[in-house]
Amino acid sequence: MLTLLAMSVAAVPASPDLAAARPMPGWLHAASDLATVLGCLTVLGVFGAVLLRRRDLVDGRTAAMLGGFLLALAATHLVHLVVVAGLASRPADAVAAGAAVVSAGAALGLWLCLPRLLRLPNPILLARQVELHREAERRALASEARAREAEARMAAFLGHLPDALFVLHVGADGALRVEAVNPSFEQIFGVPAARVADAPAEALLPAALAGPVVARWRQVATNGAVAEEEMTAELAAGQRVLQTVLVPMRGPDGQVERLLGSVRDVTATRRLQQGMVQSARLATVGTICAGLAHEASQPLNVASLWLRRARAAAEDVPDALRAPIARAAQIVESQLHRAGDLIARIRALAGEEARDAASFDAAGAVAAALRIAATRYAAEGITLALRGAAAPLQARGSAARLEQAVLHLLSNARDAVLERRRKDPLAPACIEVVLRHEAGAQMGRIAIEVRDSGTGVADALAGAIFDPFFTTKEPGCGTGLGLSFAAGVARAMGGGIETWNLPGGGACFRMDLAAIPSAGCPAQPHAA
């Protein structure tokens, strides 16, 4: 603005008095006017180019007034140049008067726009603000990148977490719907995440558990308290003991909006605890049994020796007496064998494993036991089936003892099936043996499950059913050592035994053994 005013003042023609006092050559007047005209046009062109690129600097009205002032200034000096050159006089006066009017109007308009122009941001401050804005954007981008990285780390953590996690949305009507589950949930329950997304909470659990468990979850959503519980579920991998923790998540209004749940498979821990309890309970019994077996074996050995002597002496008696003596010796011998078998079982209860323990195919031993029992059970109308791994399952111990233990489990299942059939002649009569290799620590476990359609096991008896000499049969119908023998065999082979009732009726007895590498392991022969 000051530049334009200076140009205007400098370009005003000198008065006659000043011209008379200090005469100025005509060429200097002409050069000054021409330079002023060119300067005004140059400034006008530059100003127009800037406005074309940055229209936000000056509004249209101010730009028009500045442009008019520059044109009027250029016109005034152009007229003065024409007058100095003597080319015209009267038209030049009219142009000068019009230029003066335009200049005055432009000056007045600019004075009126001056307050608004003064409020325009300082370029230095504006540049600083732009830099601060860019710095804020860079920080926001860096923060967003860190958040994405943290989210990726959290997703990787949840993806590799062995505990199953799930999130339930609590509706206004109290309905629970699934929002998300992690990969461990899919692995434990065998339910794809895509199938349960936005599904009712009942879709997460087996049908036998869904009703009562979801009802307890709704109570957690209502009272807003953290809940912990253990439940037993029949899954594809067998019966599992699951520890569940449910945490309510509240919204801004203080109401429970979601439930965050975690499920941990504690089956191995509970089996270990049960095995330790069972071992502690049998410690005293085992000591007594070991002493009893040792003391009882001596009279049996003496009796067997004198039986052989009696048979030798009976060869010299008359023929009429030889037959009754031979019959009596046969009866005594069978009873001695029975007592010897009982002592062998008692030794097994004491944890005395056979000395010829070696690696063998557990699947072959189980199959041999089924072949022995199949003919008898078929005659009684009981269906016997084997399902599971076809490949060899290597374990270490005695194939004959495992075969005998499975026969005890099959006999127990048969008795339960026949007992239920006596009460309900239309009840199913089937026994299924399931073989499975379960991955785990080191080489994993071999699971042998005997499932029957019998009467099941009463809850009050579940804790004592594997104790020595415990039986629910009539006197004289059982020794109470069959299940105890099977439990001793399982423990001797690095495993354990447990039982539970099946949802459709009947019971399941499960033996698990420690698996060993199969390469280079010679197999023991099995009885046919």
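Here is a short report on the structure shown in this document. (Residues numbered from 1 in each chain as written. Predicted model: local features only at pLDDT ≥ 70, side-chain atom pairs only at ≥ 80, totals over all residues. Heavy atoms only, no water.)

What about the pattern of salt bridges?
Two side chains of opposite charge can pair, provided their charged atoms sit close to one another. One pass over the full model with this rule turns up 23 salt bridges. Residue Glu-149 is joined to Arg-153 by a salt bridge in which the shortest nitrogen-to-oxygen separation is 3.2 Å. Linking Glu-149 with Arg-153, this pair stays in helix H6 (residues 123-160), spanning four residues, or about one helical turn. Glu-149 gets classed as partly exposed once you look at its relative accessible area, which sits at 46%. Asp-512 is the salt-bridge partner of Arg-445, the closest N and O atoms lying 2.8 Å from each other. Taken as a pair, Arg-445 in strand S10 (residues 445-452) and Asp-512 in strand S12 (residues 507-514) lie far apart in primary sequence, 67 residues in all. Arg-445 sits in the partly exposed class, given a relative accessible area of 27%. Taking relative accessible area as the criterion, Asp-512 reaches 10% and is therefore assigned buried. (Salt bridge = Lys/Arg side-chain N within 4 Å of Asp/Glu carboxyl O. Helix = DSSP H or I, 4+ residues; strand = E, 2+ residues; numbered from the N terminus. Buried < 20%, exposed > 50% of the residue type's maximum accessible area, 1.4 Å probe, protein only.)

Focus on helix H14 (residues 482-492)
Counting buried positions along H14 yields nine of 11 residues, so the element is predominantly enclosed. If you check which residues of H14 are buried, you get Gly-482, Leu-483, Ser-484, Phe-485, Ala-486, Ala-487, Gly-488, Val-489 and Ala-490. Looking one or two residues past H14, Gly-494 carries a phi angle of roughly 80 degrees, positive in sign.

Comments concerning the packing of aromatic side chains
With the rule as written, the count across this model stands at three aromatic pairs. What links up through ring pairs into an aromatic cluster is the set Phe-166, Phe-185, Phe-189 and Trp-217. (Phe/Tyr/Trp six-rings, centres within 6.5 Å; stacked < 30°, edge-to-face > 60°.)

In short, geometric facts, not functional conclusions.
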